[in-house]
Amino acid sequence: SPNIEFGQEYFEGVAIKAGESLKLKVTIRGRPTPKVTWFRDDVELTKKIADITTTAGLSTLFIRDVDRSHRGMYTVEAKNQCGTKKEQKKVEVF
């Protein structure tokens with residue numbers, strides 16, 4: 001099944017100030033290339049809410065000018081014929 005990895009900089013989760021930008025970056029490995037989906041509190045994030053870029057082996061979620069509504073549990077899911085893998089990060093906005 002696919003493999004998802006957050007960088008070390010996210011080890012303790014993410015805490016940012018309102019008005020700052022949120023950037024979550026993961027490396028994704030898998031054959032065939034997995035389909036990547038991002039969620040916040042189990043609701044799929046669309047291009048309207050977040051700028052999501054997925055290229056070979058990398059997926060980045062970017063939200064500019066965050067406010068408290070953006071805090072929560074962020075999940076990235078990678079899915080292919082071999083299975084589904086999920087990883088989560090808690091985001092705090094203060």
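Attention in this report is confined to the structure presented alongside it. (Residues numbered from 1 in each chain as written. Predicted model: local features only at pLDDT ≥ 70, side-chain atom pairs only at ≥ 80, totals over all residues. Heavy atoms only, no water.)

Moving on to the pairing of strand β3 (residues 22-29). Judged by which residues are buried, β3 turns out to be one-sided: L22, L24, V26 and I28 face inward and are buried, whereas K23, K25, T27 and R29, on the alternate face, are not. The sheet contact formed by strand β1 (residues 3-6) and β3 spans four bridges and is antiparallel. Each bridged residue has a counterpart across the sheet, and for I4 the counterpart in β3 is I28. Looking at chain direction, β3 and strand β7 (residues 58-63) are connected through six bridges and run antiparallel. Across the sheet, residue L22 finds its bridge partner in β7, namely I63. (Buried < 20%, exposed > 50% of the residue type's maximum accessible area, 1.4 Å probe, protein only. Helix = DSSP H or I, 4+ residues; strand = E, 2+ residues; numbered from the N terminus. Pairing = 2+ DSSP bridges.)

Looking now at the sheet that holds strand β6 (residues 51-55). The strand order across the open sheet formed by four strands is β1-β3-β7-β6, and the pairing between neighbours is antiparallel. Of all strands in the sheet, those bounded by a partner on one side alone are β1 and β6. Each strand axis lies, on average, 20° off the axis of its neighbour in the sheet, ignoring direction. Taken together, the five bridges between β6 and β7 define a ladder with antiparallel strand orientation. Looking at β7, one finds that T55 is bridged to L58. (Axes fitted to C-alpha atoms, helices over the stretch in contact; angles between N-to-C directions.)

Time to look at the environment of I63. Looking at the secondary structure, you find I63 in strand β7. Judged by its relative accessible area of 4%, I63 falls in the buried class. Those residues within four positions of I63 in sequence are excluded, and the remaining contacts are E20, S21, L22, R40, I49, A50, H70 and Y74. (Contact = heavy atoms within 4.5 Å.)

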